Amino acid sequence: MRKIQLLRLLVQALFMAGLFMSFMPKTKVVSSWLLPTIILAGVFFCGWVCPFGAAQDWMSKLGRLLRLPRLRMPQGTQRYLQLLRYGFYLVSTIGITFALLKGPHNFSRFMRGDFLTIASGIIILFLLVSLVFDRPFCNYFCTGGARMGLFSVLRIFGIKRNTEQCRQCGQCSKACPMNIDVAHTDFVRHPNCIGCMNCVSACPKGYLKYGLMPGNKKK
Ligand code: SF4
Ligand code: SF4
């Protein structure tokens, strides 16, 4: 299954190059196909397309190469902390609405001035944290991921675990950059799932597959 990770790396690199060479598709084009795919199959955008997600992944890989210690939020704390991004989503929506209500002139000045300086600092900070902690921004702060994740809970395609044969070794959970407890989930429909397929690649026995949601078994 490592081939899928190689393919993901290539796709991420392509979109990263697109960002720097300005051949990224227009936002309107992206959003027209994004919503139906999210509802059907989950938030692949975050795991395969988003350049900032890719940059965090690459910094995590670098951290592993340098054998830096890995940090992980305990599941009990993760359950609550992952709600943060919905809070930020709400606050940012209110903030932008407020700035727009004050006048488009104020809004554009806000976007061009302090905001960009602060954003650059924040991006660098998150990239440094990614050396020891998987996808810190996506896990707790990304408002776009929060919005898309909410739609993805309806998906009918996702990661299926072979519950009869799974030995619950936990390697899939450990490989998940979004800290989802895959080893104890029959069908991953979690709003944080970014479709990266790390869990599928990590299972030594191939007990995880991407596919259609299983129906209820008749007793
Ligand atoms: S890695 Fe495979 S065997 Fe281990 S818990 Fe996950 S699905 Fe089960
Ligand atoms: S559950 Fe699997 S596909 Fe989803 S984010 Fe975690 S590792 Fe990636």
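Residues numbered from 1 in each chain as written. Chains lettered and ligands numbered in written order. Predicted model: local features only at pLDDT ≥ 70, side-chain atom pairs only at ≥ 80, totals over all residues.

Visitor: Help me understand the overall build of the protein, please; the structure alone is not making it clear to me.
Guide: When helices and strands are tallied, the protein shows 12 helices and 3 strands. The buried share of the protein, reckoned over its 219 residues, is 29%. Intrachain contacts of the protein at a sequence separation of at least 6 include 77% that bridge at least 24 residues. (Helix = DSSP H or I, 4+ residues; strand = E, 2+ residues; numbered from the N terminus. Buried ≥ 20, exposed ≤ 12 C-beta atoms within 10 Å, placed from the backbone. Contact = placed C-beta atoms within 7 Å.)

Visitor: For this particular structure, what's the right way to read unusual backbone geometry?
Guide: Working note: non-glycine residues mostly have negative phi, and peptide bonds are mostly trans. Even without glycine at this site, arginine 67 takes up a positive phi of about 60°. Looking at where arginine 67 falls in the secondary structure, it is placed in the loop between helix 4 (51-65) and helix 5 (75-81). Among the residues examined, arginine 67 registers 7 C-beta atoms within 10 Å and is labelled exposed. With a phi angle near 70°, methionine 197 is a residue other than glycine that sits in the positive phi range. Inspection of the secondary structure assignment puts methionine 197 in the loop between strand 2 (187-188) and helix 12 (198-202). Taking the C-beta count within 10 Å as the criterion, methionine 197 has 20 such neighbours and is therefore assigned buried.

Visitor: Please clarify how the site of ligand 1 should be interpreted in this entry.
Guide: Residues in close proximity to ligand 1 total 15 residues, the closest being Cys166, Cys169, Cys172, Ala183 and Cys203. Looking at side-chain class alone, the shell around ligand 1 contains 9 nonpolar, 3 polar and 3 charged residues. (Near = placed C-beta within 6 Å. Nonpolar A, V, L, I, M, F, W, Y, C, P; charged D, E, K, R; others polar.)

Visitor: It is not clear to me how the pairing of strand 1 (residues 157-161) should be interpreted in this structure. Could you clarify?
Guide: On a regular strand, each side chain points to the face opposite its neighbour's, so the side chains alternate between the two faces of the sheet. In terms of strand pairing, strand 1 meets strand 3 (residues 208-212) through 5 bridges, oriented antiparallel. The residue bridging isoleucine 159 from the neighbouring strand is tyrosine 210, located in strand 3. Relative to strand 2, strand 1 runs antiparallel, the two sharing 2 bridges. Paired with isoleucine 159 across the strands is valine 188, a residue of strand 2. (Pairing = 2+ DSSP bridges.)

Visitor: Could you clarify how one ought to interpret the sheet that holds strand 2 in this entry?
Guide: Pairing between sheet strands relies on hydrogen bonds along the backbone, with the strands arranged either parallel or antiparallel. Sheet architecture is open: 3 strands sit in the order 2-1-3, paired in antiparallel fashion. In this open sheet, the two edge strands, each paired with only one partner strand, are strand 2 and strand 3.

Visitor: Explanation requested: the site of ligand 2 in the structure shown.
Guide: If you check the shell around ligand 2, you find 14 residues, and the closest are Cys176, Cys193, Cys196, Asn198 and Cys199. Across the shell around ligand 2, the residue classes break down as 12 nonpolar, 2 polar and no charged.

Visitor: Which parts of the structure should I look at to understand the environment of alanine 183?
Guide: Here alanine 183 is to be found in the loop between helix 11 (171-175) and strand 2. For alanine 183, a count of 20 C-beta atoms within 10 Å corresponds to the buried category. Counting along the chain gives 20 residues from alanine 183 to cysteine 203, while the straight-line C-alpha distance between them is 9.7 Å.

As far as function goes, none of this settles anything; it's purely spatial.
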